[in-house]
Amino acid sequence: MRSRSPSIQSRTTTFLLKRLIKRERAQDSSVPTGRRAVNTFMWLTPRQSGVKVFQSRQSQLPGEWVVCPQAEAGRLVLYLHGGGYFFGSPQSHRPLTTRLSRLSGSRVLALRYRLAPEHPFPGAIEDAARAYCTLLSQGVPPGKMVVAGDSAGGGLALATLVYLKDRGVPLPAGAICFSPWTDLAVTGESVRRNSEQCAMFQAQALHRAAKQYLGDVSPFHPLASPIYANLEGLPPLLIHVSDSELLTDDSRRIVEFARVAGVQASLEVYADQPHVWQLFSLLPEAVDSLQKAAEAIKGWTATPKVAVPLPS
């Protein structure tokens, strides 16, 4: 499904990103530059007012809690931020997580997983799986929990589901992925097709980030690139991606393979949006995407109604 033409707000954001983020990253690809660049446009992305944000005090759950006033006590989203596995943080993604909390009526745990190159693969997966299992041990029912993420965090969400499934851990009610990076071998045709259109990255950036994260591990490892994993048995998936970004085919193919494996997987392709446009709160398309994600979360985690027998 393809959405309508991009809004004027989206076209303006894409123009600015291409000239300030994409150009800078092409000239300086260092880790400090990548970590600094993520904050460049935070003035465009204020967090949702009225939502409480506080640091988690549990060592097994590093990160921050995001809780809207109307959050349902049992509904929880474990959110994994993007950033090529080497930048980004719960703080950088507050514009997204605070809105997701308010729209879905959920508590959100934005996880601070370990980043490469200091902590390469499989550090991030270990952290995500540990956090999920800790939440289960604290009494959060798997049917009331959703795992979500964007970009590398979206790929990490899918890889974590595969990791948990292979170990017999009860899986969550579903997973939300915004422009997930599912193929660290970078074989998608959209990497070449959209090299000029993509607002944020060039292909070299993907290869460098993959190398930093993987080291000598093969990019075809199924827990590094879930597109090569056995997806059978995963919970429902909702994936949103833009048709003009490098990772378009990462989303298309993972949905195709998931459906072949018998997984309920939904894909919506938005027209000409910047990578992870959900971060930019001024965009109508960001509101639309997050609203649809929130509806999926509420639907997946709804408490089944118990039929009351009629008196005889």
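Residues numbered from 1 in each chain as written. Predicted model: local features only at pLDDT ≥ 70, side-chain atom pairs only at ≥ 80, totals over all residues. Heavy atoms only, no water.

Asker: Explain the sheet that holds strand S7 (residues 237–242) here, please?
Answerer: Pairing is mixed in the open sheet, where eight strands are placed in the order S1-S2-S4-S3-S5-S6-S7-S8. With partners counted over all chains shown, the strands left at the sheet margins are strand S1 (52–55) and strand S8 (265–270), one partner each. The average angle at which neighbouring strand axes cross in this sheet is 20°, direction not considered. Looking at chain direction, strand S2 (residues 63–67) and strand S4 (residues 107–111) are connected through five bridges and run antiparallel. Each bridged residue has a counterpart across the sheet, and for Val 67 the counterpart in S4 is Arg 107. (Pairing = 2+ DSSP bridges. Helix = DSSP H or I, 4+ residues; strand = E, 2+ residues; numbered from the N terminus. Axes fitted to C-alpha atoms, helices over the stretch in contact; angles between N-to-C directions.)

Asker: Would you mind showing me how to read the environment of Thr 134 here?
Answerer: With respect to the element layout, Thr 134 can be found in helix H4 (residues 123–137). Along the backbone, Thr 134 and Leu 61 are 73 residues apart, and their C-alpha atoms lie at a distance of 7.5 Å. Once residues within four sequence positions are removed from consideration, Thr 134 is found in contact with Gln 60 and Leu 61. (Contact = heavy atoms within 4.5 Å.)

Asker: Looking at this model, I keep getting lost on the pairing of strand S3 (residues 76–80). Mind explaining?
Answerer: Residues in a regular strand point their side chains to alternate faces of the sheet. With five of five residues buried, S3 is to be regarded as a mostly interior element. A two-sided burial pattern is seen for S3, the buried positions comprising Leu 76, Leu 78 and Leu 80 on one face and Val 77 and Tyr 79 on the other. Taken together, the five bridges between S3 and S4 define a ladder with parallel strand orientation. By the bridge assignment for S4, Tyr 79 is matched with Ala 110. The handedness of the S3 to S4 crossover, carried by helix H3 (residues 94–104), is right-handed. (Buried < 20%, exposed > 50% of the residue type's maximum accessible area, 1.4 Å probe, protein only. Right-handed = clockwise from strand over helix to strand, strands pointing away.)

Asker: Would you explain the pattern of salt bridges in this entry?
Answerer: Two side chains bearing opposite charge may form a pair once their charged atoms approach each other closely. On inspection of all chains with the given rule, the structure shows 14 salt bridges. The shortest N-O distance in the salt bridge between Arg 75 and Glu 72 comes to 3.1 Å. Relative accessible area serves as the criterion here: at 30%, Glu 72 is assigned to the partly exposed category. For the salt bridge of Asp 127 with Arg 114, the shortest nitrogen-to-oxygen distance reads 3.0 Å. Placement of the pair is Asp 127 in helix H4 and Arg 114 in the loop between S4 and H4, with a sequence separation of 13 residues. (Salt bridge = Lys/Arg side-chain N within 4 Å of Asp/Glu carboxyl O.)

Asker: Can you walk me through the packing of aromatic side chains in this structure?
Answerer: For any pair of aromatic rings, the description rests on two quantities: the centre-to-centre distance and the angle between the ring planes. If you walk through the whole model with that rule in mind, you get six aromatic pairs. Considering the side-chain rings of Tyr 270 and Trp 277, the 4.9 Å spacing of their centres and the 50° angle between planes classify their relative orientation as tilted. What links up through ring pairs into an aromatic cluster is the set Tyr 85, Phe 121, Trp 181 and Tyr 213. (Phe/Tyr/Trp six-rings, centres within 6.5 Å; stacked < 30°, edge-to-face > 60°.)

Asker: Can you walk me through the pairing of S2 in this structure?
Answerer: In terms of residue burial, S2 counts as a mostly covered element, since five of its five residues are buried. Sheet analysis places S1 next to S2, joined by four bridges and oriented antiparallel. Residue pairing for S2: Lys 52 is matched across the bridge by Val 67.

Asker: Explain the nonpolar core here, please?
Answerer: Nonpolar side chains tend to gather and get buried jointly when the protein is soluble and globular. The biggest cluster of nonpolar side chains holds 95 residues, and the ones touching the most others in it are Leu 80, Ile 176, Trp 181 and Tyr 213. Not counting the four nearest positions on each side in its chain, Trp 181 is found in contact with Gly 84, Tyr 85, Ser 151, Ala 152, Gly 155, Leu 206, Ala 209, Ala 210, Leu 247 and Asp 250. (Core = buried A, V, L, I, M, F, W, Y, C linked by side-chain atoms within 4.5 Å.)

Asker: What's the story with the packing of H3 against helix H9 (residues 284–301) in this structure? I'm lost.
Answerer: For any two helices packed against each other, the geometry is given by the interaxial angle and the distance between the axes. Running from amino to carboxyl end, H3 crosses H9 at an angle of 50°, the nearest separation of the two axes being 9 Å. Taken together, the axes of H3 and H9 lie oblique to each other. Along this stretch, H3 crosses H9, giving a crossing that reads as right-handed. Between H3, through Leu 96, Arg 99, Leu 100, Leu 103 and Ser 104, and H9, the contact on the second element is made entirely by Leu 290, Gln 291, Ala 293, Ala 294, Ile 297 and Lys 298. A per-class count over the contact of H3 with H9 returns seven nonpolar, two polar and two charged. (Parallel < 35°, antiparallel > 145°, perpendicular 65-115°, else oblique. Left-handed = near helix turned anticlockwise from the far one by under 90°. Nonpolar A, V, L, I, M, F, W, Y, C, P; charged D, E, K, R; others polar.)

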